[in-house]
Amino acid sequence: MKKIGFLSFGHWTPSSQSATRSAQDVLLQSIDLAVAAEELGADGAYYRVHHFARQLSSPFPLLAAVGAKTSRIEIGTGVIDMRYENPLYMAEDAGAADLISNGRLQLGLSRGSPEQVIEGYRYFGFNPKEGETDADMGRRHTEELLEVLRGEGFAKPNPQPMFPNPPGLLRLEPFSEGLRERIWWGSGSNATSVWAAQQGMNLQSSTLKDDETGEPFHIQQAKQIRAYREAWKAAGHQREPRVSVSRSIFALTNDIDRAYFGRSGQDQDSVGFLDEKTRAIFGRSYAAEPEQLIKQLAQDEGIAEADTLLLTIPNQLGVDYCAHVMESILTHVAPELGWR
């Protein structure tokens, strides 16, 4: 059995060809899609976060709204760039969103990916310390967030407060019990997946990772997940970790599907460079008639290793079509693969 959800990058453009022509369009449709996914029996609604782009950027108002409009589905991110985040303010926002959703928040974090602007985090008031890289800063922010999510007091109370305080040092409020165990790390390498395990975070692995062995993407991803699980066990954590992978998967069940994705040309992995030093491998997309799709997905070792599958959806095609994409997988593919 697997949990199956969607992952939306939340693109919008004023083009007449897009169903999301404004930021308002994509925000409201993101809520509607989560409601539709819950009605279909999907397990998760996840959203990507990008700054300085015509995409979703401020996750917590959206997550809170989705939490208020749904009752069962997990809501989360994949991922929030921690180079841009104030960990304490983020802990308050996350606690509030989690309480509104009654403990359904699954918060995916990462050190971030190449952005729309140069060193955009500096505009948000954050700069690496001396000797730090921007990636180091993102991981430092994450460690600070994880610490305050423990819910232990750390701030000295004012002896003459405006309102009465509980005894002892004060913690951030609102505090949501259990949220610390629902924090995920978006890892693009074996080393950072091991670090995530040591920190006690769940693992998110997307369709992009460092090309560390030259093997097909799904094999490298499976090895990354196994390295993570080994590190988790070695760290001695008391709970079972969760692992998600994301994929672009389209079951071609009608002429519209075939027109959009029947000739996608992305049925092979590709290799490129994220920067002058980082060679990356991009996993293939899947688009085929259901019977063929089932055979292809059965060979994907990365999916086999994960307990959660996030379907990347073409949000600019609108809520109804994206719901159809999910329904096709849930109905025609997942049962045959034992995911349901």
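Residues numbered from 1 in each chain as written. Predicted model: local features only at pLDDT ≥ 70, side-chain atom pairs only at ≥ 80, totals over all residues. Heavy atoms only, no water.

## Observations regarding the side chain of Thr70
Checked against the element boundaries, Thr70 lands in the loop between helix 2 (59-69) and strand 3 (74-77). Judged by relative accessible area, which is 8%, Thr70 ranks as buried. A distance of 2.7 Å separates the side chain of Thr70 from the backbone oxygen of Val66, its partner in a polar contact. Polar side-chain contacts of Thr70 include one of 2.8 Å to the side chain of Arg104. Filtering out sequence-adjacent residues up to four positions away, Thr70 remains in contact with Ala34, Val35, Glu38 and Arg104. (Helix = DSSP H or I, 4+ residues; strand = E, 2+ residues; numbered from the N terminus. Buried < 20%, exposed > 50% of the residue type's maximum accessible area, 1.4 Å probe, protein only. Polar contact = N/O pair within 3.5 Å; in protein donor to acceptor, adjacent residues only side chain to side chain. Contact = heavy atoms within 4.5 Å.)

## Things to note about the nonpolar core
Judged by nonpolar contacts, the single largest core of 68 residues is most densely connected at Phe6, Tyr47, Leu107, Leu109 and Leu293. Counting residues per element, this core draws most heavily on helix 10 (residues 319-333), which supplies six residues. Residues within four places of Leu293 in sequence aside, it is in contact with Ile249, Phe250, Ala251, Tyr286, Ala287, Ala288, Ile329 and Val333. (Core = buried A, V, L, I, M, F, W, Y, C linked by side-chain atoms within 4.5 Å.)

## A closer look at the UniProt feature "domain: Luciferase-like" (unreviewed entry) in the chain
The sites that carry the UniProt feature "domain: Luciferase-like" (unreviewed entry) are, in the present numbering, residues 9-251. End-to-end, the C-alpha atoms of residues 9-251 are 20 Å apart, and along that stretch the chain is 36% helix and 14% strand. (UniProt positions renumbered as here; feature names shortened; annotations may be inferred.)

## A closer look at helix 4 (residues 134-148)
Counting along an α-helix, one turn takes 3.6 residues, and residues three or four places apart therefore face a common direction. For helix 4, which comprises 15 residues, the first-to-last C-alpha distance of 22 Å matches the rise-based estimate of 21 Å (1.5 Å per residue) to within 8%. Those residues of helix 4 lying buried are Ala135, Met137, Gly138, Arg139, Arg140, His141, Thr142, Leu145, Leu146 and Val148. In this structure, the buried side of helix 4 is in contact with helix 3 (87-100), strand 5 (105-110), strand 6 (183-186) and helix 5 (190-199). (Expected span 1.5 Å × (residues − 1).)

## Considerations on the pairing of strand 7 (residues 202-205)
Of the two faces of strand 7, the one holding Asn202 and Gln204 and the one holding Leu203 and Ser205 are both buried throughout. Sheet topology note: the strand 6/strand 7 ladder contains three bridges and is parallel. Paired with Trp184 across the two strands is Asn202, which belongs to strand 7. Tracing the backbone out of strand 6, into helix 5 and back to the parallel element strand 7 gives a crossover that is right-handed. Bridge count between strand 7 and strand 9 (residues 243-247): three bridges; the pairing is parallel. Looking at the pairing, Ser205 lines up with Val245 of strand 9. (Pairing = 2+ DSSP bridges. Right-handed = clockwise from strand over helix to strand, strands pointing away.)

## Thoughts on the pattern of salt bridges
A full pass over the atoms with the stated rule returns 24 salt bridges. For the salt bridge of Arg83 with Asp81, the shortest nitrogen-to-oxygen distance reads 2.7 Å. Look at Arg83 and you get buried, because its relative accessible area is 6%. Judged by relative accessible area, which is 2%, Asp81 ranks as buried. One salt bridge connects Arg150 with Glu152, and the closest N-O pair in it is separated by 2.8 Å. You can call Arg150 partly exposed: its relative accessible area is 41%. (Salt bridge = Lys/Arg side-chain N within 4 Å of Asp/Glu carboxyl O.)

## Structural notes on the sheet that holds strand 11 (residues 270-273)
Taken in spatial order, the three strands make up an open sheet running 8-12-11, and their pairing is antiparallel. Where the open sheet ends on each side, the last strands, each with one partner, are strand 8 (208-210) and strand 11. Adjacent strand axes in the sheet meet at a mean angle of 30°, parallel and antiparallel pairs treated alike. Here three bridges tie strand 8 to strand 12 (residues 279-282), and the two strands are oriented antiparallel to one another. When the sheet's bridge partners are listed, Lys209 is paired in strand 12 with Ile281. Contacts from helix 6 (residues 217-235) reach strand 8 and strand 12 within the one sheet, and its direction differs from that of strand 8 by about 70°. (Axes fitted to C-alpha atoms, helices over the stretch in contact; angles between N-to-C directions.)

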